[in-house]
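# Residue-level structural notes
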Amino acid sequence: MFEQSQIQEFKEAFTLIDQNRDGFIDKEDLKDTYASLGRLNVKDNDLEDMLKEASGPINFTMFLNLFGEKLHGTDPEETITNAFKMFDPDAKGVIHKDELQHLLMTQADRFTAEEVKQMFQSSNIDTLGNLDYKALCYIITHGEEQEE
């Protein structure tokens, strides 16, 4: 997701924000960070809203994931999966590659044939031509195939 130099920069930023050096960013860390930047009147609910963006405690891994989603503009996995479900009325978890190719090349931000080909190369397509869109959504949001 990130190059090593970027990870190092994020580690430095994380360390600056983790004021109490416990390995997690919490509300007090955020408040202290804002204070060090001259903002003393940050509301608690604003800080809590920031923390709610994470699905759990914010350690360095979670911090990287949060920034990865923000910087790469990737929607959450559930959002992408729900978009594919619109084309899967029988809820089989698959969409035929020909139908998907047609949609991608004729609707909204149109894909080129090369872009579709690249997507299919990293997709799980069965012998009938059905693409497992749940696996594809995982790859889009996590960058690798899920371990079984």
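So, here is what we can say about the structure in this document. (Residues numbered from 1 in each chain as written. Predicted model: local features only at pLDDT ≥ 70, side-chain atom pairs only at ≥ 80, totals over all residues. Heavy atoms only, no water.)

## What to know about the nonpolar core
The nonpolar side chains of a soluble globular protein tend to be buried, and buried together. One finds Phe10, Ile25, Ile58, Phe60 and Phe63 to be the most contacted residues of the largest nonpolar core, which totals 16 residues. Of all the elements, helix α4 (residues 60-72) adds the most residues to this core, at five residues. Each residue touching Ile25, except ones within four places of it in the same chain, is listed here: Phe14, Ile17, Asp18, Leu30, Leu51, Ile58 and Phe63. Core analysis: the second largest hydrophobic core is formed by 13 residues, Phe84, Leu103, Met119 and Leu131 among them. (Core = buried A, V, L, I, M, F, W, Y, C linked by side-chain atoms within 4.5 Å. Buried < 20%, exposed > 50% of the residue type's maximum accessible area, 1.4 Å probe, protein only. Helix = DSSP H or I, 4+ residues; strand = E, 2+ residues; numbered from the N terminus. Contact = heavy atoms within 4.5 Å.)

## So, unusual backbone geometry
Within the chain, Arg21 stands out as a residue other than glycine whose phi angle is a positive 55 degrees. Tracing the sequence through the fold places Arg21 in the loop between α1 (4-17) and α2 (27-36). Even without being glycine, Ala91 reaches a positive phi, approximately 55 degrees. Turning to its location among the elements, Ala91 is positioned in the loop between α5 (77-85) and β1 (94-96). Its relative accessible area of 65% is what places Ala91 among the exposed residues.

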